[in-house]
Amino acid sequence: MTAVTPAAQLAAAVEVLDAARSATVLCHVQPDADTIGSGLALAQVLHRRGVPVRVSFAEPAELPASMRSLPGVQFLVPPAEVPREVDVLVAVDCGSVGRLGALADRIAGAATTLVLDHHRSNTRFGTVNLVDDTAESTTSLLARVFDAWGEPIDPAIAHCLFAGLVTDTGCFRWAGPGTHRLAERLLATGIDGAGITRTLMDTHPFGWLPMLSRVLGTARLEPAAAGGAGLVYAFVRRADIDGLRSEEVESVIDVVRTTAEASIAAVFKESRTTPDLWTVSLRSRDSGVGTDDGVDVAQVATRLGGGGHRYAAGYTSTGTPDDLIAALLAELA
């Protein structure tokens, strides 16, 4: 079978969007700024073209507070209001059908499903798939789509695209070729990059501080893990996060991953509603002396039922804390 070239994938995606008569844009469960920014940016372009569009995600029940100021939130609807049938369904930043949660059943009623994503582990579940694992974010991939489509990027759309770019690159710590050029282009529309970044990444309620104290007290180091690369991990239990937002929970991994003695970091987050159900965030880094020589945590997460990027991935699992650590250490052996 002849491989589909990136240029052909891009052209096919534009063709689908250009012909859309109605559209649903689905973001992944527990949404971050990349999936929401992508969804809202695309919705604004479709609306501008006169296409009826809805954006949604299966869970949680409300959009995280840090993203509520993103332009285009008026296109967000609860899952129950997502139509069963639509001309084009677009999944943004979703590596697999499972990431759509309860809204995965809407695929059956779509005449065409388009997948726009940058995860290496993407399962290509769409009718048309535009997947580029070299893209810094799904929003950066969308910028290319808009250019190929001939659709201008105004300040409102740039705001959404920048939100995904700045968060998925860790405030540009993991910037690649072209990242800063795209950022400069988006900032040139007049958006407040510093304000967007502060809202998304640097604003937490006071309760975040005692939560961090409790959670970091659970941190443990396994220096022999992954052939000596080292693993550091911590647990976020349900009692730790009472009254806190998902943003505070998701921020823990960025603290734990700074440990010098470990190249791999894991944070196990207990479900607020389901006993013994945990979501797991994985991060890794290279040695600093080679190219891409770090542990590929996307492969680890995929074997455990999840997926993601080489240096940032995740999965969901059940069991006791001891069970979870044993399973992860076995995969890292």
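Refer to the structure presented above.
Residues numbered from 1 in each chain as written. Predicted model: local features only at pLDDT ≥ 70, side-chain atom pairs only at ≥ 80, totals over all residues. Heavy atoms only, no water.

1. Topic: the pairing of strand β9 (residues 277-284)
Thought 1: Among the eight residues in β9, six count as buried, and that is most of the element.
Thought 2: Of the strand pairs in this sheet, strand β8 (residues 264-270) and β9 are connected by seven bridges, and their pairing is antiparallel. Counted as the bridge partner of A266 is L282 from β9.
Thought 3: If you look at the hairpin formed by β8 and β9, you'll find six residues sitting between the two strands, and D276 has a positive phi there, around 65°.
Thought 4: Relative to strand β11 (residues 312-318), β9 runs antiparallel, the two sharing seven bridges. Each bridged residue has a counterpart across the sheet, and for V280 the counterpart in β11 is Y315. (Buried < 20%, exposed > 50% of the residue type's maximum accessible area, 1.4 Å probe, protein only. Helix = DSSP H or I, 4+ residues; strand = E, 2+ residues; numbered from the N terminus. Pairing = 2+ DSSP bridges.)

2. A short note on the packing of aromatic side chains
Thought 1: The tally for this structure, following the rule as stated, stands at five aromatic pairs.
Thought 2: Ring geometry for Y233 versus F235: centroids 6.0 Å apart, planes at 90°, classification edge-to-face. Note on accessibility: Y233 and F235 belong to one class, buried.
Thought 3: Judged by centre distance (4.8 Å) and plane angle (15°), the ring pair of F235 and F268 falls under stacked. Of this pair, F235 sits in strand β7 (residues 231-236) while F268 sits in strand β8, placing them 33 residues apart in sequence. Residues F235 and F268 agree in their burial class; the two are buried.
Thought 4: Here a set of aromatic residues connected by ring pairs shows up, and it is made of Y233, F235, F268 and W278.
Thought 5: The lysine or arginine in question, R173, covers the ring of W174, its NZ or CZ lying 5.1 Å from the ring centre.
Thought 6: The positively charged end of R237 is found above the aromatic ring belonging to F235, 5.8 Å away from the centroid. (Phe/Tyr/Trp six-rings, centres within 6.5 Å; stacked < 30°, edge-to-face > 60°. Lys NZ or Arg CZ within 6 Å of the ring centre and 35° of its normal.)

3. Some thoughts on the sheet that holds strand β3 (residues 86-92)
Thought 1: If you walk across this open sheet you meet the five strands as β2-β1-β3-β4-β5, and the pairing is parallel. Strand pairing shows two members of the sheet lacking a second neighbour, β2 (53-56) and β5 (128-131), which therefore form its edges. Strand-to-strand twist across the sheet, computed as the mean angle between neighbouring axes with direction ignored, equals 15°.
Thought 2: Relative to β2, helix α2 (residues 33-48) is tilted by about 175°, and along the sheet it contacts β1 (23-26), β2, β3 and β4 (110-117). (Axes fitted to C-alpha atoms, helices over the stretch in contact; angles between N-to-C directions. Contact = heavy atoms within 4.5 Å.)

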